[in-house]
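# Geometric and topological summary
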Amino acid sequence: MESPFCRILSRVLKRCGSAAQELRIVIADDSGIIREHLQRAISRTKGLKLVGAAENGVEALSLVQELNPDVAILDISMPHKNGLEVLKEIRRNDSSTVIIMFTGETSELLKNTCLEQGANHFFCKSDITAMLEKCQDLLLRS
Ligand SMILES: [Mg+2]
């Protein structure tokens, strides 16, 4: 039987094994300016790594399915599939990806709808710093 000591040791070793621990992030936004802005901000933030960028909802969904990122940052207003539809489909596939809605719309109703549909967090685009701090926080808790 595994002793508590072994369990702790294996947990420590596991953590050491992934020494370059980074939070793998996919972003989705139809605005090239926002994508670039996010890309730059993520690359400047310790512990965060951008692994994919989508410019519409269909691309976002396939990137999330293909890359299984730790976090998906989704715009809501996007062509082909909006962020809410992408959110629903990701959750339908039972993915463990943390979903952060990152939108220009600030309505409480929209926020509550997203959270009810399985989004983990909701940030307004003017709150990029708070959003990235949340990502770093997720890394510390992982
Ligand atoms: Mg948009």
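Described below are features of the structure shown in this document.

## Comments concerning the overall build of the protein
Regarding its fold elements, the protein presents 6 helices and 5 strands. Reading the protein from its N end, one meets helices and strands in the order α-β-α-β-α-β-α-β-α-β-α. For the protein, the proportion of its 142 residues judged to be buried stands at 30%. A sequence separation of at least 24 residues applies to 63% of the contacts in the protein between residues at least 6 apart.

## Thoughts on the sheet that holds strand E2 (residues 48–54)
By way of backbone hydrogen bonds, the strands of a sheet pair with one another, either parallel or antiparallel. Spatially, the 5 strands line up as an open sheet ordered E2-E1-E3-E4-E5, and their pairing is parallel. Bordering the open sheet on either side are E2 and strand E5 (121–124), each of which pairs with just one other strand. The mean angle between the axes of side-by-side strands here comes to 25 degrees, regardless of whether they run parallel or antiparallel. As judged from the 4 bridges shared by strand E4 (residues 98–103) and E5, these two strands associate in the parallel manner. Following the sheet pairing, Ile-100 is matched in E5 by His-121. Helix H4 (residues 83–92) contacts strand E1 (23–28), strand E3 (71–74) and E4 of the sheet and is inclined by roughly 155 degrees relative to E3.

## Quick word on the packing of helix H3 (residues 57–67) against H4
Where H3 contacts H4, the two axes come as close as 9 Å, and the packing angle between them is 25 degrees. Relative to H4, the element H3 lies roughly parallel. When you trace H3 past H4, the crossing you get is right-handed. Contacts between H3 and H4 involve Gly-57, Ala-60, Leu-61 and Val-64 from the first element and Gly-83, Glu-85, Val-86, Glu-89 and Ile-90 from the second.

## Focus: unusual backbone geometry
Non-glycine residue Asn-68 carries a positive phi angle of around 40 degrees. Note on placement: Asn-68 falls in the loop between H3 and E3. Its identity as a non-glycine residue notwithstanding, His-80 has a phi of 70 degrees, on the positive side. Within the fold, His-80 resides in the loop between E3 and H4.

## Considering the environment of Ser-96
Checked against the element boundaries, Ser-96 lands in the loop between H4 and E4. It is 8.9 Å that separates the C-alpha atoms of Ser-96 and Val-71, two residues lying 25 residues apart in sequence.

## A look at the pairing of E3
Going residue by residue along E3, you find Val-71 and Ile-73 tucked away on one face and Ala-72 and Leu-74 tucked away on the opposite face as well. Examined bridge by bridge, E1 and E3 share 4 bridges and lie parallel to one another. Opposite Ala-28, over in E3, you have Leu-74 as the bridge partner. As judged from the 4 bridges shared by E3 and E4, these two strands associate in the parallel manner. Within E4, the residue paired with Ile-73 across the bridge is Ile-100. Between the parallel pair E3 and E4, the chain is carried across by H4, and the sense of this crossover is right-handed.

So, how was this worked out
- Residues numbered from 1 in each chain as written.
- Predicted model: local features only at pLDDT ≥ 70, side-chain atom pairs only at ≥ 80, totals over all residues.
- Helix = DSSP H or I, 4+ residues; strand = E, 2+ residues; numbered from the N terminus.
- Buried ≥ 20, exposed ≤ 12 C-beta atoms within 10 Å, placed from the backbone.
- Contact = placed C-beta atoms within 7 Å.
- Pairing = 2+ DSSP bridges.
- Axes fitted to C-alpha atoms, helices over the stretch in contact; angles between N-to-C directions.
- Parallel < 35°, antiparallel > 145°, perpendicular 65-115°, else oblique.
- Left-handed = near helix turned anticlockwise from the far one by under 90°.
- Right-handed = clockwise from strand over helix to strand, strands pointing away.

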